[in-house]
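# An overview of the molecular structure
One-letter residues, chain by chain:
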Amino acid sequence: MDTSAHEACDENGLPRERLVVVGNGMASLRFLERLTEGSSGRFDVTCVGAEPTAAYNRVLLSSLLGGEIDEAACAFRGLDWYEAHGIRLITGAPVTRIDRDKGLVVVGETDVLPFDKLVLAVGSLPIRLPKPGMDLPGVITFRDLADVAAIRRAAVQHARAVVIGGGLLGLEAAVGLARLGVDTTLLHVMDRLMERQLDHHAAGLVKRAMEARGVRVVLEADTARVEGATRVERLVLADGTVLQADLVVMSVGVRPSVALAQAAGLEIGRGIKVDDQMTTSDPRIFALGECAEHRGMIYGLVEPAYEHADTLARHLAGQPAGYSGTALSTSLKVSGLPVFSAGLVDTPEDAEAIVLSDPGAGLYRKLLMRDGKLIGAVFVGDIAEQGACKGLIRSGDPVENVDDLMFGRPVPEPLAA
Ligand SMILES: Cc1cc2nc3c(=O)[nH]c(=O)nc-3n(C[C@H](O)[C@H](O)[C@H](O)COP(=O)(O)OP(=O)(O)OC[C@H]3O[C@@H](n4cnc5c(N)ncnc54)[C@H](O)[C@@H]3O)c2cc1C
């Protein structure tokens with residue numbers, strides 16, 4: 001590997017710094033895009049990604065799994081874009097060590113890349129339940145293109161799948177498998193699906209939508225173990241229920257990838273600790289996206305990852321930049337059913353819930369108000385007012401007209417000619 005390509009100065013005659021980005025996922029690419037807009041020429045950029053392809057749209061993996069789109073539709077920037085922007089992209093090569101004293105990273109076994117500044121955008125690792133049988137062939141996580149390929153292979157060969165985990169990803173995996181014609185059961189340990197984003201009523205509507213898609217949903221299902229002679233054959237619940245399974249998709253959450261940073265002696269909490277400029281405990285090293293912990297928060301969504309990336313690109317371009325956290329909201333389609341939630345989901349004692357429910361039409365709207373301000377919203381069916389709700393929850397501004405949020409703003413009558 002040639003690590004010598006390094007132009008000494010930028011267009012203003014200032015010394016170019018060597019910037020190495022570890023990880024070529026969604027946060028990494030957004031950062032590179034913003035960096036090339038803001039401080040082009042200032043850095044000699046090398047990006048090293050463990051996956052064999054350049055960054056792609058991970059959010060679309062469920063559509064890829066279900067066969068709605070092909071792999072090409074998940075692509076973001078082609079290799080020509082990296083080349084045109086002077087970014088050296090190394091794919092299929094994990095960074096295995098950071099040597100802070102020498103200011104270099106080790107790629108694979110022996111190759112080294114020196115850096116002046118280092119960005120860690122290494123994402124998360126899917127969690128495997130610490131139960132017997134979870135390492136049997138046929139137990140697959142759902143995080144990247146390779147996982148989708150493995151699930152699709154298994155789904156073709158085998159007909160019965162159990163998905164563990166009733167969060168967003170578990171639901172998407174189950175719908176994707178059902179779409180492939182696989183007999184699919186979704187297990188969730190809680191008493192409702194997506195309990196962090198949905199109240200009981202909304203979760204009930206989502207469950208119905210899943211069942212209409214042919215997914216069997218079992219709530220309060222505590223997985224005890226997976227069994228099989230040479231590969232998965234069945235899954236056993238804590239209450240003794242046995243589910244025959246040829247494929248188990250594990251979707252019980254993710255854990256920030258901290259091993260590399262931890263071994264390098266950076267400060268770690270649940271993620272790699274960063275300040276408001278995304279700087280780690282070493283001022284030359286930064287962290288972005290799902291691997292970063294900011295003010296005690298780690299995030300598992302694209303929006304905060306992009307805000308991290310924008311902040312760091314501005315900071316490295318010498319512009320004022322400060323990240324203060326992301327108020328999370330969820331907006332998705334479950335089997336074509338639009339769902340949105342933001343802020344609080346369950347009604348606290350000191351708040352008022354304003355609810356509109358039309359189960360026949362699959363419509364549900366709940367607004368949570370405290371002292372005239374919106375503190376939470378859950379919509380199923382029609383989510384047209386999501387933008388307004390998000391804005392009001394974030395700003396904390398008083399709500400002028402609750403009906404506008406509940407029923408939508410009236411469309412102005414056309415003026416008579
Ligand atoms: C199926 C699925 C559906 C999703 N749907 C949504 C959604 O609807 N909405 C939403 O907001 N979010 C969704 N997400 C989450 C979203 O994809 C992530 O929040 C986002 O990708 C985080 O970006 P990141 O760059 O931090 O991590 P990633 O995109 O995971 O990128 C990290 C990259 O770093 C690489 N890497 C790790 N270690 C090393 C190393 N040592 N050396 C080199 N490279 C390394 C990894 O291989 C990976 O390519 C979904 C995720 C999945 C899996």
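## Looking at the site of the ligand
Around the ligand sit 34 residues in total, of which Gly23, Gly25, Ala27, Gly123 and Gly289 are the nearest. Of the residues contributing to the shell around the ligand, the split by class is 18 nonpolar, ten polar and six charged. If you count residues domain by domain, the shell around the ligand takes at least three from each of domain 1 (17–125 + 255–316) and domain 2 (139–250).

## Details of the pairing of strand β14 (residues 234–237)
For strand β13 (residues 223–227) and β14, the ladder comprises four bridges, and the chain directions are antiparallel. Looking across to β14, one finds that Glu227 is bridged to Arg234. Between the antiparallel neighbours β13 and β14 lie six residues. Across three bridges, β14 lies against strand β15 (residues 242–244) in antiparallel orientation. Considered in β15, the bridge of Val236 is made with Val242. Between the antiparallel neighbours β14 and β15 lie four residues, among them Gly240 with a positive phi of about 95°.

## Thoughts on the sheet that holds strand β4 (residues 95–99)
Strand order in the open sheet made by the three strands is β4-β5-β6, with antiparallel pairing throughout. The open sheet is flanked by β4 and β6 (111–114), the only strands paired with a single partner. Adjacent strand axes in the sheet meet at a mean angle of 25° when their direction is disregarded. Pairing between β4 and strand β5 (residues 104–107): four bridges, direction antiparallel. When the sheet's bridge partners are listed, Arg97 is paired in β5 with Val106.

## A closer look at the domain arrangement of the chain
Structurally, the chain comprises domain 1 (17–125 + 255–316), domain 2 (139–250) and domain 3 (329–407). Computed from C-alpha coordinates alone, the two centres of domain 2 and domain 3 are separated by 28 Å. Taken together, the residues of the side of domain 2 that touches domain 3 break down into ten nonpolar, two polar and two charged.

## A few points about the environment of Ile69
Inspection of the secondary structure puts Ile69 in the loop between α2 (61–65) and α3 (79–84). Exposure remark for Ile69: the 15 C-beta atoms within 10 Å place this residue in the partly exposed category. Residues Ile69 and Arg196, 127 residues apart in the sequence, show an inter-C-alpha distance of 29 Å. Residues contacting Ile69, with those up to four places away along its chain left out, are Leu60, Ser63, Leu64 and Cys74.

## Notes on the nonpolar core
If you look at the biggest cluster of nonpolar residues, it comprises 64 residues, and the most contacted ones within it are Val163, Ala174, Val206, Met210, Val248 and Val249. Here this core takes eight residues from helix α5 (residues 168–179), the largest share from any one element. Excluding anything up to four places from it in sequence, Val248 contacts Gly138, Val139, Val162, Ile164, Val226, Val232 and Leu235. The next biggest cluster of nonpolar side chains, apart from the first, holds 52 residues, and it includes Cys47, Val274, Met278 and Ile298.

## Let's talk about helix α9 (residues 386–395)
For an α-helix, the turn length of 3.6 residues means that residues three or four places apart are oriented alike. Of all the residues in α9, the buried ones are Gln386, Cys389, Leu392 and Ile393. Axial view of α9: buried residues confined to an arc of 135°, hence all on one face. With respect to the buried face of α9, the exposed residues turned more than 90 degrees away are Gly387, Gly391 and Ser395. Turning to α9, the residues buried within the fold contact β21 (329–334), β22 (337–343), β25 (373–380) and α10 (402–407). Following α9 by one or two positions, Gly396 has its phi on the positive side, about 75°.

## Re the environment of Ser28
Looking at the element boundaries, Ser28 is found in helix α1 (residues 26–38). A count of 26 C-beta atoms within 10 Å places Ser28 in the buried class. In sequence terms Ser28 and Ala121 are 93 residues apart; their C-alpha atoms lie 5.7 Å from each other. If we skip the residues at most four places from it in the chain, Ser28 touches Val21, Gly23, Cys47, Ala55 and Ala121.

Basis of the calculations
Residues numbered from 1 in each chain as written. Predicted model: local features only at pLDDT ≥ 70, side-chain atom pairs only at ≥ 80, totals over all residues. Near = placed C-beta within 6 Å. Nonpolar A, V, L, I, M, F, W, Y, C, P; charged D, E, K, R; others polar. Domains from an automatic or database assignment. Pairing = 2+ DSSP bridges. Helix = DSSP H or I, 4+ residues; strand = E, 2+ residues; numbered from the N terminus. Axes fitted to C-alpha atoms, helices over the stretch in contact; angles between N-to-C directions. Buried ≥ 20, exposed ≤ 12 C-beta atoms within 10 Å, placed from the backbone. Contact = placed C-beta atoms within 7 Å. Core = buried A, V, L, I, M, F, W, Y, C linked by C-beta atoms within 7 Å. Arc of directions from axis to C-beta.

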